Amino acid sequence: MTRSAYVERNTKETAVCVHLNLDGTGASEISTGIGFFDHMLEGFSRHGFFDLKCRVKGDLEVDGHHTVEDTGIVLGQAVAKAVGDKKGIRRYGSFILPMDDALALCAVDLSGRPYLNFQASFPAERAGDLDTELVREFFYAVSYSAGMNLHLKILDGSNTHHMIEAMFKSFAKALDMATGAEPRIRDVLSTKGSL
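Predicted model, so just to flag it, every value in this text is computed and none were measured.

S.K.: I tried to follow the overall build of the protein on my own but got confused; where do I start?
M.R.: Helix and strand counts for the protein come out as four helices and 10 strands. By the burial criterion, 51% of the 195 residues in the protein qualify as buried. Counting only contacts in the protein whose residues sit at least 6 apart along the sequence, the fraction spanning at least 24 positions is 75%. Summed over all atoms, the accessible surface of the protein reaches about 9100 Å², with 49% contributed by carbon and sulfur. Between the averaged position of the 21 positive side-chain charges in the protein and that of its 26 negative side-chain charges there is a distance of 10 Å.

Next up, the structure:
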């Protein structure tokens, strides 16, 4: 059974459509209006082996904030919907990813309890056409709308592009691990019996 979800969200600021398949091959069709953000989402899709279609029309004449944040909200909702009742999945995932000078750590718990610990200082204010302060906003939105505990840290790095890309890719690898099947788990991985 393929675990996938389609989520649409329309406001006065943005129109976001996301189709996510957790059991994909890493194929993506991304269009957010922010080229660097598209590149990051393509990397997330490819390295997590998630099939991702993402179309966003946002008020970029204002800035990129609503576009990036609302994409995070909808992607998080799609993750929660696609993973379903969480029976038989690992629940936890972590990855340390090197990318040239950058080293990123990501740890995920699909606990149903949202939390973000984000530790990164970027040398540049922009990466391409993306305001770098929006990277945290994106991951905050994903973590809260997916109900996941998410820790992301830059352990080393000097190039802003590499640092952000390492974060997106490490998140993809950790999420792929957390959503992956574990045959020894018959129900959910919790002493409470539910997540």
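S.K.: Hey, could you run me through the pairing of strand 10 (residues 149-156) in this one?
M.R.: Successive residues of a regular strand alternate their side chains across the two faces of the sheet. Sheet topology note: the strand 6 (residues 102-109)/strand 10 ladder contains seven bridges and is antiparallel. Bridging from a neighbouring strand, Leu103 pairs with Asp156 of strand 10. Of the strand pairs in this sheet, strand 7 (residues 115-119) and strand 10 are connected by five bridges, and their pairing is parallel. Looking at strand 10, one finds that Phe118 is bridged to Leu152.

S.K.: Can you walk me through the sheet that holds strand 3 (residues 28-31) in this structure?
M.R.: Each strand in a sheet pairs with its neighbour through backbone hydrogen bonds, running either in the same direction (parallel) or in the opposite one (antiparallel). On the basis of which strands lie adjacent, the open sheet formed by four strands has the order 1-2-4-3 and mixed pairing. Two strands bound the open sheet, and with one partner strand each, they are strand 1 (4-10) and strand 3. Each neighbouring strand pair of the sheet contributes to a mean axis angle of 5°, computed without reference to strand direction. With seven bridges connecting them, strand 1 and strand 2 (residues 14-21) associate as antiparallel partners. In the strand pairing of strand 2, Tyr6 is matched with His19. Lying on the sheet, helix 1 (residues 35-48) is in contact with strand 3 and strand 4 (51-58); it crosses strand 3 at an angle near 160°.

S.K.: In this structure, what is going on with the packing of helix 3 (residues 134-146) against helix 4 (residues 160-179)? I would like to understand it.
M.R.: Two packed helices can be described by the angle between their axes and the distance between those axes. Packing of helix 3 against helix 4 brings their axes to within 11 Å, and their N-to-C directions diverge by 15°. Our classification of the angle between helix 3 and helix 4 gives roughly parallel. Every pair of crossing elements has a handedness; the one defined by helix 3 and helix 4 is left-handed. Residues Val135, Phe138, Phe139 and Val142 of helix 3 lie in contact with helix 4, whose contacting residues are Ile164, Met167, Phe168 and Phe171. Taken together, the residues of the contact of helix 3 with helix 4 sort by class into eight nonpolar, no polar and no charged.

S.K.: What exactly am I supposed to notice about a nonpolar patch on the surface here?
M.R.: A cluster of nonpolar side chains, Tyr115, Tyr140 and Tyr144, forms an exposed patch at the surface whose accessible area comes to about 300 Å². Within the secondary structure, Tyr144 sits in helix 3.

S.K.: Would you explain the side chain of Thr14 in this entry?
M.R.: Locating Thr14 in the fold gives a position in strand 2. For Thr14, a relative accessible area of 2% puts it in the buried group. A distance of 2.5 Å separates polar atoms of two side chains, one belonging to Thr14 and the other to Asp70. In contact with Thr14, other than residues within four places in its own chain, are Arg9, Lys57, Gly58, His66, Thr67 and Asp70.

S.K.: I'm lost on the nonpolar core in this one. Help?
M.R.: The nonpolar side chains of soluble globular proteins are, as a tendency, buried together. Membership of the largest hydrophobic core comes to 57 residues, with the highest contact counts inside it found for Val108, Phe139, Met148, Phe168 and Phe171. For this core, the element with the highest residue contribution is helix 4, accounting for 10 residues. Those residues in contact with Val108 that sit more than four places away from it in its chain are Arg91, Tyr92, Gly93, Met148, Asn149, Leu150, Phe171, Ala174, Leu175 and Ala178.

What counts and what doesn't
- Residues numbered from 1 in each chain as written.
- Predicted model: local features only at pLDDT ≥ 70, side-chain atom pairs only at ≥ 80, totals over all residues.
- Heavy atoms only, no water.
- Helix = DSSP H or I, 4+ residues; strand = E, 2+ residues; numbered from the N terminus.
- Buried < 20%, exposed > 50% of the residue type's maximum accessible area, 1.4 Å probe, protein only.
- Contact = heavy atoms within 4.5 Å.
- Areas by Shrake-Rupley, 256 points an atom, 1.4 Å probe, with all protein chains shown as cover.
- Lys, Arg positive; Asp, Glu negative; His and termini not counted.
- Charge placed at Lys NZ, Arg CZ, Asp CG, Glu CD.
- Pairing = 2+ DSSP bridges.
- Axes fitted to C-alpha atoms, helices over the stretch in contact; angles between N-to-C directions.
- Parallel < 35°, antiparallel > 145°, perpendicular 65-115°, else oblique.
- Left-handed = near helix turned anticlockwise from the far one by under 90°.
- Nonpolar A, V, L, I, M, F, W, Y, C, P; charged D, E, K, R; others polar.
- Patch = residues over 30% accessible without salt bridge, like charges linked within 9 Å, V, L, I, M, F, W, Y side chains within 5 Å.
- Salt bridge = Lys/Arg side-chain N within 4 Å of Asp/Glu carboxyl O.
- Polar contact = N/O pair within 3.5 Å; in protein donor to acceptor, adjacent residues only side chain to side chain.
- Core = buried A, V, L, I, M, F, W, Y, C linked by side-chain atoms within 4.5 Å.

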